[in-house]
Amino acid sequence: MKRKWSLSFLTGLGVAPEEAVRAAAEAGYDYLGLRLMPAFPGGLAYPLMDDPARVKSLISLMADSGVAVFDVEMIRISPDFDPEPLLPFLECAGQLGARAILVAGDDADEGRLTSSFVKLCEAAHPFGLSMDLEFMPQSELRDLAAATRVLSAADQPNQGVIIDTLHVSRARTTIEEITAVPRKWLNYAQICDAPAKIPDTREELNYTARHARLLPGEGELDLAGMFAAMPADLPVAVEIPNDEQSAGLSAAEWAKRTLIASRRILEPESEEAQ
């Protein structure tokens, strides 16, 4: 089966949804990701749930362009988490045809985090959305082992975990741990490259993640090994924000460059990757 590719929101950070759709289509992607809620207070997001007319127009544009929404960002589970205010967000994601929601764990109490995650999965189920945990060493859900514990305890039909190659490296997650993840928990993975050296502070980890990821093949991560541990047809979201390398390029030009580099690693014999 042909692998499907998605243009992650961060790759075109600052690009409006409509421009992102056009860039994804021009670059040859199957899908794209959108951010409807900020990753941190005051962060960039496009709250489409507050603009039904824009949602309708965007759906039409995607149909004409031949690309669809894969994932929508993002939900953070804090100690005082309540899924009720998120219903408009979830409904909008469902209207857009999204498959997955990126979920970050920001509650150090693992039992409470798990309980909140169960409530979130239940709230999202009517909209046909999977809730995909993203472990990050700079969050309270620090590694794949922690995410696996939450998923095992939650046991929801619409749950999953995101294998982000950057966070795999920074969390010191092993290939063996990735191999052990049940197939039913894998809805998509995210690709980028980076230096092998792990930053020392949370600020440095966040800066690299948001502004300085490398094109596949330019860093030192074992991308081939990581993806060999996952299903060959697993959709891949290309998440490569790089302020320096993308400067001066259009959204479509950078999107195409990131896709070509990613396919060189995962589809070395592909004609499009030559």
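No experiment lies behind these values; they were computed from the predicted model shown. (Residues numbered from 1 in each chain as written. Predicted model: local features only at pLDDT ≥ 70, side-chain atom pairs only at ≥ 80, totals over all residues. Heavy atoms only, no water.)

## Structural notes on the pattern of salt bridges
Here comes step 1: Applying the stated criterion across every chain, the model contains 10 salt bridges.
Here comes step 2: One salt-bridge network, held together by shared partners, links D164, R213 and E239. (Salt bridge = Lys/Arg side-chain N within 4 Å of Asp/Glu carboxyl O.)

## With respect to helix α5 (residues 144-154)
Here comes step 1: Within α5, the full set of buried residues consists of L144, A146, A147, V150, L151 and A154. Buried residues of α5, seen end-on, are gathered within an arc of 160 degrees and therefore sit on one face of the element.
Here comes step 2: Of the surrounding secondary structure, the elements contacted by the buried residues of α5 are α4 (110-124), β5 (130-134), β6 (159-164) and α7 (175-179).
Here comes step 3: Residue D155 follows α5 closely and has a positive phi angle near 50 degrees. (Buried < 20%, exposed > 50% of the residue type's maximum accessible area, 1.4 Å probe, protein only. Helix = DSSP H or I, 4+ residues; strand = E, 2+ residues; numbered from the N terminus. Arc of directions from axis to C-beta. Contact = heavy atoms within 4.5 Å.)

## Here's the deal with the nonpolar core
Here comes step 1: Core analysis: the biggest nonpolar cluster contains 83 residues, and L32, I75, L96, I101 and M131 have the highest contact counts within it.
Here comes step 2: Apart from residues no more than four positions distant in its own chain, I101 is found in contact with V72, I75, F89, L90, A93, L129, S130, M131 and D132. (Core = buried A, V, L, I, M, F, W, Y, C linked by side-chain atoms within 4.5 Å.)

## Quick look at the packing of aromatic side chains
Here comes step 1: Applying the stated criterion across every chain, the model contains three aromatic pairs.
Here comes step 2: When the ring of F9 is compared with that of Y46, the centres are 6.4 Å apart and the planes differ by 70 degrees; the resulting orientation is edge-to-face. In this pair, F9 sits in the loop between β1 (5-7) and α1 (17-27) while Y46 sits in the loop between β2 (31-35) and α2 (52-65), placing the two residues 37 residues apart along the sequence. The pair F9 / Y46 is uniform in exposure class, with both members buried.
Here comes step 3: Between Y31 and F70, the aromatic rings sit 5.2 Å apart at their centres with planes inclined by 70 degrees, giving edge-to-face as the arrangement. With Y31 in strand β2 and F70 in strand β3 (residues 68-77), the pair connects residues that are 39 residues apart, well separated along the chain. As far as burial versus exposure is concerned, Y31 and F70 are alike and both buried.
Here comes step 4: By the ring-pair criterion, three or more aromatic residues cluster together here, those being Y31, F70 and Y188. (Phe/Tyr/Trp six-rings, centres within 6.5 Å; stacked < 30°, edge-to-face > 60°.)

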